[in-house]
Amino acid sequence: MAVERRGYVRQSCLHPTGETQEEMGMKAKPFDIPKQQVMQAYRLVRANAGAAGVDHQSLGAFEEDLRNNLYRLWNRMSSGSYFPPPVKEVTIPKRSGGERVLGIPTVTDRIAQAVVKLQIEPDIEPRFLEDSYGYRPGKSALDAVGITRKRCWKYDWILEFDIRGLFDNIPHDLLNRALLKHVTCKWALLYIERWLRAPIQQPDGSLVDRDRGTPQGGVISPLLSNLFMHYVFDAWMKRHFSTVPWCRYADDGLLHCRTRQQARNLRAALEERLRECGLELHPQKTKIVYCKDTNRRAACANTAFDFLGYTFRRRPVKNAAGELFLSFSPAVSKDALKSMRRLIRRSNLRNRVHRSIEDIARDFNPVLQGWITYYGRFNRSALYPFLRYFNHALRDWVMNKYRRFRRKKTRAGQYLQRIAQQRPGLFAHWRYGMTGVFA
């Protein structure tokens with residue numbers, strides 16, 4: 001017989017609902033979801049930050065009552081009573097022009113999706129093929145650029161393809177067939193089904209039901225799209241065109257061909273395959289490219305292509321003997337350079353006169369280092385015009401901050417050059433010798 005005593009139950013044994021651990025144990029949950037998995041999912045979401053969803057709750061606001069919020073999510077998911085809210089529709093500009101539509105889940109929903117991803121990814125990930133690079137652990141966009149660079153030296157022709165609206169047009173029935181083949185966790189399948197059906201909230205507040213697609217912007221969406229494309233494209237290529245090297249990053253892909261005719265045949269076959277699976281090639285972004293260099297002299301309208309922020313085209317390089325020749329190789333694309341310049345303009349660097357130069361360095365170094373690490377991997381010299389642009393913006397900041405340098409570009413540039421010589425590690429790009437270009 002239970003005996004109640006005042007103060008007997010210690011606070012450490014209480015859960016946010018006020019229930020003791022003993023009382024919790026008496027309530028059976030249909031799904032066994034470890035609380036540690038929910039905490040791990042939260043940490044993953046926190047690392048990626050992100051905007052608020054339809055409930056307008058930011059990550060910071062969620063963390064104000066973190067223990068209670070995580071407990072409620074675990075309790076609802078474990079009991080099967082968790083239903084995702086609508087996904088907030090937002091648009092962002094593309095580097096190549098136009099807009100991309102994203103679906104932003106709430107913070108709570110992002111954590112719930114991360115819980116499911118942690119559950120199913122270990123079973124699905126090993127099934128994927130080596131040349132699928134997008135959104136995969138241990139693989140990166142730079143890996144895809146690197147392997148493409150090597151293959152362009154071996155194969156004369158490329159079929160560059162882009163799938164129109166991949167995330168928005170994945171047929172649910174085909175995706176579910178792939179999921180049932182690899183996922184045995186019942187609660188994971190249940191919540192994936194609910195996420196696929198969750199409506200989209202448009203900017204005017206109206207809700208739109210969905211019968212296909214998985215919103216780009218969701219935590220679980222990249223894994224689901226990779227699983228779908230594994231069967232639509234990756235495994236299909238291995239089965240029918242095993243001798244053709246390929247590389248795919250989400251909805252962008254490249255096929256390396258020996259001849260122009262082989263590329264044409266592959267395009268026709270790929271168009272038919274995607275049509276069977278409810279998708280289509282983007283007509284403007286899909287093209288046949290000739291990898292023209294010193295030894296390749298065939299005529300072709302397309303002798304360059306963009307892939308993952310890099311432009312592949314013929315460029316002058318030196319061999320081991322110091323002789324110049326034309327090599328088909330990658331360097332940062334014009335669109336990427338425009339995007340970086342646009343970000344610096346919008347940052348209003350020139351007018352941050354209330355900040356010290358050390359503050360400016362702390363603000364911009366993470367971004368600068370990220371750009372140098374990514375776009376400087378191949379043909380770093382192509383990045384120098386942008387780094388000079390940043391130095392010029394920094395020079396304008398000096399002119400606005402210090403009265404003695406007003407309308408005196410040369411003197412302001414000399415002042416910065418002295419600082420760069422004394423403190424070459426102050427800015428990320430100065431460490432790579434990008435000093436002395438302030439005039």
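Everything discussed here concerns the structure shown above.
Model, not experiment: these values are computed from the prediction. (Residues numbered from 1 in each chain as written. Predicted model: local features only at pLDDT ≥ 70, side-chain atom pairs only at ≥ 80, totals over all residues. Heavy atoms only, no water.)

Undergrad: What exactly am I supposed to notice about the environment of Val101 here?
TA: Inspection of the secondary structure assignment puts Val101 in strand β2 (residues 99-104). Considered as a pair, Val101 and Asp168 are 67 residues apart in the sequence and their alpha carbons are 9.1 Å apart. Among residues more than four places away in sequence, those in contact with Val101 are Glu89, Val90, Thr91 and Gln216. (Helix = DSSP H or I, 4+ residues; strand = E, 2+ residues; numbered from the N terminus. Contact = heavy atoms within 4.5 Å.)

Undergrad: What should I look at first to understand the packing of aromatic side chains in this one?
TA: Aromatic rings in a pair are described by how distant their centres are and how their planes are angled relative to each other. The full count for this structure, using the stated rule, is 23 aromatic pairs. For the ring pair Trp157 and Tyr290, a centre distance of 4.6 Å and an interplane angle of 40 degrees mean the geometry is tilted. You can see Trp157 sitting in strand β3 (residues 157-162) and its partner Tyr290 sitting in strand β8 (residues 287-290), a full 133 residues away along the chain. Under the relative-accessibility criterion, Trp157 is labelled buried at 7%. A ring pair is formed by Tyr310 and Phe378, whose centres lie 5.7 Å apart and whose planes are at 75 degrees; its orientation type is edge-to-face. You can see Tyr310 sitting in strand β10 (residues 310-318) and its partner Phe378 sitting in the loop between α13 (357-375) and α14 (384-401), a full 68 residues away along the chain. (Phe/Tyr/Trp six-rings, centres within 6.5 Å; stacked < 30°, edge-to-face > 60°. Buried < 20%, exposed > 50% of the residue type's maximum accessible area, 1.4 Å probe, protein only.)

Undergrad: I'm lost on unusual backbone geometry in this one. Help?
TA: Most of the time, phi is negative for any residue but glycine, and the peptide bond is trans. With a phi angle near 65 degrees, His56 is a residue other than glycine that sits in the positive phi range. Position of His56 relative to the elements: it lies in the loop between α2 (35-48) and α3 (59-63). One non-glycine residue, Ala250, lies in the positive phi region at around 60 degrees. On the accessibility criterion, Ala250 (4% relative accessible area) is buried.

Undergrad: I tried to follow the side chain of Asn226 on my own but got confused; where do I start?
TA: Summarising the element assignment, Asn226 is placed in helix α10 (residues 221-240). Look at Asn226 and you get buried, because its relative accessible area is 1%. Filtering out sequence-adjacent residues up to four positions away, Asn226 remains in contact with Phe128, Ser132, Gly134, Tyr135, Arg136 and Arg248.

Undergrad: Where do I start with α14 in this structure?
TA: Residues spaced three or four apart along an α-helix face the same direction, because each turn holds 3.6 residues. The first and last C-alpha atoms of α14 sit 25 Å apart over 18 residues, in line with the 26 Å expected at 1.5 Å per residue. Taken residue by residue, α14 has Phe386, Leu387, Tyr389, Phe390, Asn391, Ala393, Leu394, Arg395, Asp396, Trp397, Val398 and Met399 as its buried positions. Packing partners of the buried residues in α14 comprise α12 (334-346), α13 and α15 (409-422). (Expected span 1.5 Å × (residues − 1).)

Undergrad: Help me out: how do you make sense of a positive patch on the surface in this one?
TA: A cluster of basic residues, Arg403, Arg404, Arg406, Arg407, Lys408, Arg411 and Arg418, forms a positive patch at the surface. Its location among the elements puts Arg406 in the loop between α14 and α15. (Patch = residues over 30% accessible without salt bridge, like charges linked within 9 Å, V, L, I, M, F, W, Y side chains within 5 Å. Areas by Shrake-Rupley, 256 points an atom, 1.4 Å probe, with all protein chains shown as cover. Salt bridge = Lys/Arg side-chain N within 4 Å of Asp/Glu carboxyl O. Lys, Arg positive; Asp, Glu negative; His and termini not counted. Charge placed at Lys NZ, Arg CZ, Asp CG, Glu CD.)

Undergrad: Is there a simple way to explain empty space enclosed by the protein in this structure?
TA: One water molecule sets the probe size; rolling that probe over the atoms shows where empty space is left. Counted according to the given criterion, the structure contains 1 cavity of 30 Å³ or more. A volume near 70 Å³ is recorded for the largest cavity. In terms of lining residues, the largest cavity is bounded by Val87, Pro105, Asp109, Gln113, Trp195, Ala198, Arg210, Thr214, Pro215, Gly218, Ile220 and Ser221. For the lining of the largest cavity, the class distribution of residues is 6 nonpolar, 4 polar and 2 charged. (1 Å grid on protein atoms, 1.4 Å probe; cavity = no way out; pocket = protein on both sides within 12 Å on 5 of 7 lines; lining within 4 Å. Points joined across faces, edges and corners; volume = space filled by probe spheres on them. Nonpolar A, V, L, I, M, F, W, Y, C, P; charged D, E, K, R; others polar.)

Undergrad: Sorry, what's going on with the pattern of salt bridges here?
TA: Pairing is possible between side chains that carry opposite charge, provided their charged atoms lie close to one another. Tallied over the entire structure, the rule returns 19 salt bridges. A salt bridge links Arg197 to Glu193; the shortest N-O distance between them is 2.9 Å. Taken as a pair, Arg197 and Glu193 lie in helix α9 (residues 186-197) at a separation of 4 residues, close to a single helical turn. For Arg197, a relative accessible area of 56% corresponds to the exposed category. Salt-bridge contacts for Arg362 lead to Asp359; the nearest nitrogen and oxygen are separated by 2.4 Å. Placement of the pair is Arg362 and Asp359 together in helix α13, with a separation of 3 residues, close to one helical turn. Residue class for Arg362 comes out exposed when judged on its relative accessible area of 55%.

Undergrad: Where do I start with the packing of α12 against α14 in this structure?
TA: At a closest axis distance of 10 Å, the pairing of α12 and α14 adopts a crossing angle of 10 degrees. When the interaxial angle is binned, α12 and α14 end up roughly parallel. Across the interface between the two elements, Leu337, Met340, Arg341, Ile344 and Arg345 from α12 touch Pro385, Phe386, Tyr389, Phe390 and Ala393 from α14. For the contact of α12 with α14, the per-class residue count stands at 8 nonpolar, no polar and 2 charged. (Axes fitted to C-alpha atoms, helices over the stretch in contact; angles between N-to-C directions. Parallel < 35°, antiparallel > 145°, perpendicular 65-115°, else oblique.)

Undergrad: I would appreciate a short explanation of the layout of surface pockets in the present structure.
TA: By volume, the second largest pocket is sized at about 330 Å³. Taken together, 16 residues line the second largest pocket, and the ones lying closest to its centre are Leu44, Val45, Asn48, Arg110 and Val219. Considering every element that reaches the lining of the second largest pocket, the biggest residue donor is helix α5 (residues 107-124), with 5 residues. Among the residues forming the lining of the second largest pocket, the class breakdown is 9 nonpolar, 4 polar and 3 charged.

Undergrad: Would you take a moment to explain the sheet that holds strand β5 (residues 207-208) for this structure?
TA: Each strand in a sheet pairs with its neighbour through backbone hydrogen bonds, running either in the same direction (parallel) or in the opposite one (antiparallel). Taking strand neighbours across the sheet as the criterion, the 4 strands line up as β2-β1-β4-β5 in an open arrangement whose pairing is mixed. Of all strands in the sheet, those bounded by a partner on one side alone are β2 and β5. Bridging between strand β4 (residues 200-201) and β5 involves 2 bridges; their strand directions are antiparallel. Along β5, the bridge assignment pairs Gln201 with Leu207. (Pairing = 2+ DSSP bridges.)

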